[in-house]
Amino acid sequence: MAGGTKTVGVRVGYPSMRKIHPGQLLVFESGDARYRTRLTEVVECPGFDAMLDAEDLEAIGSEGVSRAELLAAYREIHPLEKERLGVLAIHLRLAP
């Protein structure tokens, strides 16, 4: 995220996640790093397969990772009943 390459976060469509909206400020943490971001768009997809078809894989942060590997990783983390809630591609940009 700090380098500006990763601009799309992927989340399952839990009710709490469906409350987010463009313009909202979000803070992401990774280890000791914190990234303040502004949400620019939310794209809802029926599942991970459709989301990967619709989104730029590099923007998801998958440099060097194939589409098949990403799909397998998402499905390993999230069982099918969670994927059935829908998938949100959350478009972000770093905020000052």
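Residues numbered from 1 in each chain as written. Predicted model: local features only at pLDDT ≥ 70, side-chain atom pairs only at ≥ 80, totals over all residues. Heavy atoms only, no water.

Caption draft 1: Inspection of the overall build of the protein at higher detail. If you tally the helices and strands in the protein, you get four helices and four strands. In sequence order, the protein lays out its α and β elements as β-β-β-α-α-α-α-β. For the protein, the spread of C-alpha atoms along the principal axes amounts to about 35 × 30 × 25 Å. Burial analysis of the protein (96 residues in total) assigns 34% to the buried set. Restricting the contact set of the protein to residue pairs at least 6 apart, pairs at least 24 apart contribute 71%. (Helix = DSSP H or I, 4+ residues; strand = E, 2+ residues; numbered from the N terminus. Buried < 20%, exposed > 50% of the residue type's maximum accessible area, 1.4 Å probe, protein only. Contact = heavy atoms within 4.5 Å.)

Caption draft 2: Examining the side chain of His91 more closely. Locating His91 in the fold gives a position in strand β4 (residues 87-94). The buried category is assigned to His91, whose relative accessible area is 17%. At a separation of 3.0 Å, a polar atom in the side chain of His91 contacts the side chain of Glu55. (Polar contact = N/O pair within 3.5 Å; in protein donor to acceptor, adjacent residues only side chain to side chain.)

Caption draft 3: The packing of aromatic side chains, seen in detail. Throughout the structure, instances matching the rule amount to one aromatic pair. With a centroid separation of 5.0 Å and an interplanar angle of 5°, the aromatic rings of Phe48 and Tyr74 are classed as stacked. Residue Phe48 is located in helix α1 (residues 48-54), and its partner Tyr74 is located in helix α3 (residues 67-77); the two are separated by 26 residues in the primary sequence. (Phe/Tyr/Trp six-rings, centres within 6.5 Å; stacked < 30°, edge-to-face > 60°.)

Caption draft 4: Fine view of α3. Within α3 the residues assigned to the buried category are Leu70, Leu71 and Tyr74. Along the axis of α3, the buried residues cluster in a sector spanning 100°; they form a single face. Residues of α3 that are exposed and point over 90 degrees away from its buried face: Ala68 and Glu76. On the buried face of α3, the contacting elements are β1 (8-12), α1 and α2 (57-60). (Arc of directions from axis to C-beta.)

Caption draft 5: Region of interest: the pairing of strand β2 (residues 25-30). As paired elements, β2 and strand β3 (residues 33-45) share six bridges and run antiparallel to each other. The partner of Val27 across the bridge, within β3, is Arg36. (Pairing = 2+ DSSP bridges.)

Caption draft 6: Representation of the side chain of Glu83 within the structure. Counting through the fold element by element, Glu83 comes out in helix α4 (residues 80-83). Once residues within four sequence positions are removed from consideration, Glu83 is found in contact with Pro46, Gly47, Phe48, Asp49 and Arg75.

Caption draft 7: Expanded view of the sheet that holds β4. Spatially, four strands are ordered β1-β4-β3-β2 in an open sheet, and the strand pairing comes out antiparallel. Two strands bound the open sheet, and with one partner strand each, they are β1 and β2. Neighbour to neighbour, the strand axes of the sheet diverge by 45° on average, direction disregarded. In this structure, β1 lies alongside β4, joined through five bridges in antiparallel fashion. Bridge assignment links Val8 to a residue of β4, and that residue is His91. (Axes fitted to C-alpha atoms, helices over the stretch in contact; angles between N-to-C directions.)

Caption draft 8: Up close: the nonpolar core. Core analysis: the largest hydrophobic core is formed by 14 residues, its most contacted members being Val10, Phe48, Met51, Leu52, Ile60 and Tyr74. In contact with Ile60, other than residues within four places in its own chain, are Lys6, Val8, Val10, Met51, Leu52, Glu55 and Tyr74. Judged by nonpolar contacts, the second largest core, of seven residues, contains Leu26, Phe28, Leu88 and Leu92. (Core = buried A, V, L, I, M, F, W, Y, C linked by side-chain atoms within 4.5 Å.)

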